[in-house]
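A closer look at the structure
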Amino acid sequence: MTALPGTPDLVFPRLKKIINIHGCFWHMHTWGGCGRCRIPHSRRAYWLAKLQRNRARDLRTTRALRRQGWNVLILWECQLRDRARLTARIRKFLNRPSPG
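Residues numbered from 1 in each chain as written. Predicted model: local features only at pLDDT ≥ 70, side-chain atom pairs only at ≥ 80, totals over all residues. Heavy atoms only, no water.

Read from one edge of the open sheet, three strands run β1-β2-β3, paired in mixed fashion. At either margin of the open sheet sits one strand with a lone partner, and together these are β1 (10-12) and β3 (71-76). The sheet shows a mean angle of 15 degrees between the axes of neighbouring strands, taken without regard to direction. Where strand β2 (residues 17-22) and β3 come together, six bridges link them in parallel fashion. Following the sheet pairing, Asn20 is matched in β3 by Ile74. (Pairing = 2+ DSSP bridges. Helix = DSSP H or I, 4+ residues; strand = E, 2+ residues; numbered from the N terminus. Axes fitted to C-alpha atoms, helices over the stretch in contact; angles between N-to-C directions.)

The way to describe two aromatic rings as a pair is by their centre distance and the angle between their planes. Counting across every chain of the model gives four aromatic pairs. Relative to Trp26, the ring of Phe25 lies with its centre 4.9 Å away and its plane at 80 degrees, an arrangement referred to as edge-to-face. By relative accessible area, which is 41% here, Trp26 ends up partly exposed. Taking 5.7 Å as the distance between ring centres and 55 degrees as the angle between the ring planes, the aromatic pair formed by Trp26 and Trp47 counts as tilted. Placement of Trp26 in the loop between β2 and α1 (44-67) and of Trp47 in helix α1 is noted, with a sequence separation of 21 residues between them. Three or more aromatic residues joined by ring pairs form one cluster here, namely Phe25, Trp26, Tyr46 and Trp47. A cation over an aromatic ring shows up here: Lys17 above the ring of Phe93, its NZ or CZ 4.9 Å from the ring centre. When the ring centre of Tyr46 is taken as reference, the NZ or CZ atom of Arg43 above it lies at 4.3 Å. (Phe/Tyr/Trp six-rings, centres within 6.5 Å; stacked < 30°, edge-to-face > 60°. Buried < 20%, exposed > 50% of the residue type's maximum accessible area, 1.4 Å probe, protein only. Lys NZ or Arg CZ within 6 Å of the ring centre and 35° of its normal.)

Okay, structure coming up:
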């Protein structure tokens with residue numbers, strides 16, 4: 001297998017699918033009422049720039065993987081608590097035919 005962009009968390013080569021698990025703070029999960037991405041008050045400019053670079057890198061990596069024909073699912077840290085919903089989402093993703 002050729003080198004993949006980034007460092008995917010779970011790779012399913014036969015299915016051409018990847019699951020990435022993002023920490024809500026480190027990857028700036030700001031939607032869905034998560035609330036785990038609070039920019040620290042100390043060194044605010046540093047943290048904001050760092051987290052925005054992480055987010056931009058995530059976007060570039062996901063786009064590069066999709067251009068290579070990979071189907072990518074992003075799971076957020078806050079979504080891991082509801083096991084039944086998580087299991088259903090992963091099964092649906094893995095059982096869905098890949099594009100192309």
